[in-house]
Protein chains: 2
Amino acid sequence: MPRAPRYRVIYDDIVSQIRDGRLPAGAQLPNENDLARRYGVSRMTVRQSLDMLDAERYVVRRQGSGTFVAERRSGRHLNRLQSFGDELAADDVDVTSETIHFEEYPVPPDIADLFGIRADDIAHRVKRIRKVGGVPAALQDAWIPYAVAPALTRESLLEDSLYRTLTGRYGVELSHADQELTAVGLSADHAARLGAEEGAPALESRRITYAADGNVVERVTSWTLQEFPLLLRIEAQ
Amino acid sequence: MPRAPRYRVIYDDIVSQIRDGRLPAGAQLPNENDLARRYGVSRMTVRQSLDMLDAERYVVRRQGSGTFVAERRSGRHLNRLQSFGDELAADDVDVTSETIHFEEYPVPPDIADLFGIRADDIAHRVKRIRKVGGVPAALQDAWIPYAVAPALTRESLLEDSLYRTLTGRYGVELSHADQELTAVGLSADHAARLGAEEGAPALESRRITYAADGNVVERVTSWTLQEFPLLLRIEAQ
DNA sequence: GCTCCTAATTCGTCTAGACAACTAGTCATA
DNA sequence: TATGACTAGTTGTCTAGACGAATTAGGAGC
């Protein structure tokens, strides 16, 4: 593990303060000069951390006034790379997961190509139903290269999200994800699993997640029912 | 028009070079010290411009190697706030627009509240069909406060995108947009206009665009057929 | 009470450097 | 021919300031 740059350490520290409630929504952060003194860095370095926090909507900056912890909106926020559960966490709803399929499976050629392995090599394949307040909300079909998480078990997916398992247990440093969104009609099989009608409209998402070293970490296709919108904020150029 | 900061001027200049092909995809930019000399600023200021270009995928930076113009993927890129046409511009397809409805219309209460005007005040309402290569791809239903673009005409929408009309002709400085995505089945009316079956799955997007001064600039609901995916890149936290 | 002005506070922009980390070559050597 | 060390070039990180722009609180004057 290479040592993280200081602005990253400061960013992580403030994120953890926001996550665990030490810095509640709406709270004002110490001003930039104070932060610089406290962390023992120059103001420019603190600003680099705040730039990241701002870009990811953890904080709102107001010139002349201060920097404040952002209020969260309801829905699934797509601006940060995070688990399905975290995306919804601010809603105070119960997000659960039911694994309906878990095996090590020979990969088809397109997935093999994506993962940079040989066709018919083994990868994890996990299908899960995500429920919100006990109601099925989405179905996920994930491929994970065996090398990324050799000891992945059905149990390890129960207690924690795949994202936290990968980043925590396997030390994978995530970089970014490319996501493709379309509307589709549910197949009979998928509809049955989600308790919906065949052909019911659903949001199909094909996501490829990359690690910091450039390797592909997972390829997930998911179908989300229309009652669960995705939220997205786009910055002006 | 307040004078733009230097990093923004440099950003705009490089974007325009990329847009018009002077900097083609894959080309290497001058190094940061060169750019600083050319624009007569310090390297940190150039880096601020490059940070923005990087965040919006205009360029890729490789430590030790250089900064390069990014290759574009096919589809509609949602990471930047830009017009429907610009989202698809890199695909070398012909994006056209057919205005099927244009009038000044009393706003319903929810829109009035959003715009900060009184219910039954007047706003522009524009419905358009967007076509890609002559084929209907999406239907857009937009509300624009009268005050934002008092002289908006049907003709002005023909020759240029709404975004460029607002930013160019009316000097509106855009800040960001909040977007909500769901899958829906098309209504009979919408399906007919898009040449699709009633109930065909479509991506419904409800977007609210904000100006830099905090005012709402437009509220657009759009329905996109399933053949035209949206692309999105999500950064790790 | 009210308005206007001023001062303090805060974030925004920008400088001119320094050194570290990384990449892609070149060149000597086994 | 391969390998490894070296080097030039590039972006990454960081400093210690300076001044500008926006907001807010408080006081002076009415």
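In case you missed it, the structure is sitting above this.
The paragraphs below set out a description of the structure included in this document. None of the values given here were measured: they were computed from a predicted structure. (Residues numbered from 1 in each chain as written. Chains lettered and ligands numbered in written order. Predicted model: local features only at pLDDT ≥ 70, side-chain atom pairs only at ≥ 80, totals over all residues. Heavy atoms only, no water.)

### Description of the overall build of chain A
Step number 1: Across its full length, chain A carries eight helices and eleven strands.
Step number 2: Entry remark: accessible area of chain A is about 11700 Å², with carbon and sulfur atoms responsible for 47%. (Helix = DSSP H or I, 4+ residues; strand = E, 2+ residues; numbered from the N terminus. Areas by Shrake-Rupley, 256 points an atom, 1.4 Å probe, with all protein chains shown as cover.)

### Description of the protein's contact with DNA strand C
Step number 1: Every one of the 25 residues lining DNA strand C counts as a neighbour, but A:Arg43, B:Arg6, B:Tyr7, B:Ser42 and B:Thr45 are closest to it.
Step number 2: Side-chain polar atom of A:Arg47 to a phosphate oxygen of DNA strand C: 2.7 Å apart, as the coordinates give it.
Step number 3: Those elements that place two or more of their residues in the surface near DNA strand C are α3 (43-55), β1 (59-62) and β2 (66-69) of chain A together with α1 (6-19) and α3 (43-55) of chain B.
Step number 4: Sort the elements by how many residues they give to the surface near DNA strand C and α3(B) lands first, with four residues.
Step number 5: Of the residues contributing to the surface near DNA strand C, the split by class is five nonpolar, twelve polar and eight charged. (Near = heavy atom within 4 Å. Polar contact = N/O pair within 3.5 Å; in protein donor to acceptor, adjacent residues only side chain to side chain. Nonpolar A, V, L, I, M, F, W, Y, C, P; charged D, E, K, R; others polar.)

### Observations concerning the packing of aromatic side chains
Residues and elements named next belong to chain B.
Step number 1: Within this structure, the stated rule accounts for four aromatic pairs over all chains.
Step number 2: On the basis of an interplanar angle of 75° and a centroid distance of 6.5 Å, the ring pair of Tyr11 and Tyr58 is categorised as edge-to-face. Placement of the pair is Tyr11 in helix α1 and Tyr58 in the loop between α3 and β1 (59-62), with a sequence separation of 47 residues.
Step number 3: A cation over an aromatic ring shows up here: Arg62 above the ring of Phe68, its NZ or CZ 4.5 Å from the ring centre. (Phe/Tyr/Trp six-rings, centres within 6.5 Å; stacked < 30°, edge-to-face > 60°. Lys NZ or Arg CZ within 6 Å of the ring centre and 35° of its normal.)

### Things to note about the protein's contact with DNA strand D
Step number 1: For DNA strand D, the set of nearby residues contains 25 residues, the closest of which are A:Arg6, A:Tyr7, A:Thr45, B:Arg43 and B:Arg47.
Step number 2: Here the atoms of DNA strand D within 4 Å of the protein split so that 63% fall in sugar or phosphate, with bases taking the remainder.
Step number 3: Separating a phosphate oxygen of DNA strand D from a side-chain N or O atom of A:Thr45 is a distance of 2.5 Å.
Step number 4: A distance of 3.1 Å separates a phosphate oxygen of DNA strand D from a polar side-chain atom of B:Thr67.
Step number 5: For the surface near DNA strand D, the secondary structure elements donating two or more residues are α1 (6-19) and α3 of chain A together with α3, β1 and β2 (66-69) of chain B.
Step number 6: Per-element accounting of the surface near DNA strand D gives the leading share, four residues, to α3(A).

### Let's talk about the packing of α1(A) against α3(A)
Residues and elements named next belong to chain A.
Step number 1: In the contact formed by α1 and α3, the axes pass within 8 Å of each other and the chain directions differ by 50°. Taken together, the axes of α1 and α3 lie oblique to each other. Considering the relative orientation of α1 and α3, their crossing is right-handed. Here Arg6, Tyr7, Arg8, Ile10, Tyr11, Ile14 and Val15 of α1 come into contact with α3, specifically with Thr45, Gln48, Ser49, Met52 and Leu53.
Step number 2: Along the lines of polarity and charge, the residues of the contact of α1 with α3 split into seven nonpolar, three polar and two charged. (Axes fitted to C-alpha atoms, helices over the stretch in contact; angles between N-to-C directions. Parallel < 35°, antiparallel > 145°, perpendicular 65-115°, else oblique. Left-handed = near helix turned anticlockwise from the far one by under 90°. Contact = heavy atoms within 4.5 Å.)

### As for the side chain of B:Glu32
All names here are of chain B.
Step number 1: In this structure, Glu32 sits in helix α2 (residues 32-39).
Step number 2: When its relative accessible area of 13% is taken as the criterion, Glu32 is described as buried.
Step number 3: Among the polar contacts made by the side chain of Glu32, one reaches the side chain of Arg47 at a distance of 3.0 Å.
Step number 4: Leaving out residues up to four positions away in the same chain, Glu32 has contacts with Arg43, Val46, Arg47, Leu50 and Arg61. (Buried < 20%, exposed > 50% of the residue type's maximum accessible area, 1.4 Å probe, protein only.)

### Description of the environment of A:Ala36
All names here are of chain A.
Step number 1: Mapped onto the secondary structure, Ala36 falls in helix α2 (residues 32-39).
Step number 2: On the basis of relative accessibility, which here comes to 6%, the residue Ala36 falls in the buried class.
Step number 3: Here the alpha-carbon distance between Ala36 and Ile10, two residues 26 residues apart in the chain, equals 9.9 Å.
Step number 4: Leave out the neighbours within four places in its chain, and Ala36 touches Val41, Ser42, Arg43 and Val46.

### Describing α1(A)
All names here are of chain A.
Step number 1: Its 14 residues give α1 an end-to-end C-alpha distance of 20 Å, which sits within 8% of 20 Å, the value for a rise of 1.5 Å per residue.
Step number 2: If you check which residues of α1 are buried, you get Ile10, Tyr11, Ile14, Val15, Gln17 and Ile18. Looking straight down α1, one finds its buried side chains confined to an arc of 160°; they lie on one side.
Step number 3: Buried residues along α1 sit against α2, α3, β1 and β2.
Step number 4: Just past α1, the residue Gly21 takes up positive phi, approximately 90°. (Expected span 1.5 Å × (residues − 1). Arc of directions from axis to C-beta.)

### Focus on the environment of B:Arg130
Residues and elements named next belong to chain B.
Step number 1: Turning to its location among the elements, Arg130 is positioned in strand β5 (residues 122-132).
Step number 2: Relative accessible area serves as the criterion here: at 8%, Arg130 is assigned to the buried category.
Step number 3: For Arg130 and Gln140, which are ten residues apart along the polypeptide, the C-alpha to C-alpha distance reads 7.6 Å.
Step number 4: At a separation of 3.1 Å, a polar atom in the side chain of Arg130 contacts the side chain of Gln140.

### Describing the nonpolar core
Step number 1: With 18 residues, the main nonpolar core has B:Ile14, B:Ile18, B:Leu29, B:Leu53 and B:Tyr58 as its most contacted residues.
Step number 2: At the level of elements, α1, α2 and α3 of chain B are the ones that each hand at least two residues to this core.
Step number 3: Top element by residues in this core is α1(B). It accounts for five residues.
Step number 4: In this structure, A:Leu35, A:Val41, A:Tyr58 and A:Val69 belong to the second largest nonpolar core, which totals 17 residues. (Core = buried A, V, L, I, M, F, W, Y, C linked by side-chain atoms within 4.5 Å.)

### Remarks on α3(A)
Residues and elements named next belong to chain A.
Step number 1: Look at α3: 18 Å from first C-alpha to last across 13 residues, which is about the 18 Å you get at 1.5 Å a residue.
Step number 2: If you check which residues of α3 are buried, you get Val46, Ser49, Leu50 and Leu53. Axial view of α3: buried residues confined to an arc of 95°, hence all on one face.
Step number 3: For α3, the elements touching its buried residues are α1, α2, β1 and β2.

### Quick word on the pattern of salt bridges
Residue and element names in this part refer to chain A.
Step number 1: What the rule picks out here adds up to 29 salt bridges over all chains.
Step number 2: Residue Glu32 is joined to Arg47 by a salt bridge in which the shortest nitrogen-to-oxygen separation is 3.0 Å. Here Arg47 lies in helix α3 and Glu32 lies in helix α2, a separation of 15 residues in the sequence.
Step number 3: Residue class for Arg47 comes out partly exposed when judged on its relative accessible area of 27%.
Step number 4: Across the salt bridge formed by Asp189 and Arg193, the nearest N and O atoms sit 3.8 Å from each other. Here Asp189 and its partner Arg193 are both found in helix α8 (residues 188-194), four residues apart, which amounts to about one turn of the helix.
Step number 5: Note on Asp189: relative accessible area 44%, which makes it partly exposed.
Step number 6: A single network of salt bridges, built from pairs that share partners, joins Glu32, Arg43, Arg47, Asp51, Asp54 and Arg61. (Salt bridge = Lys/Arg side-chain N within 4 Å of Asp/Glu carboxyl O.)

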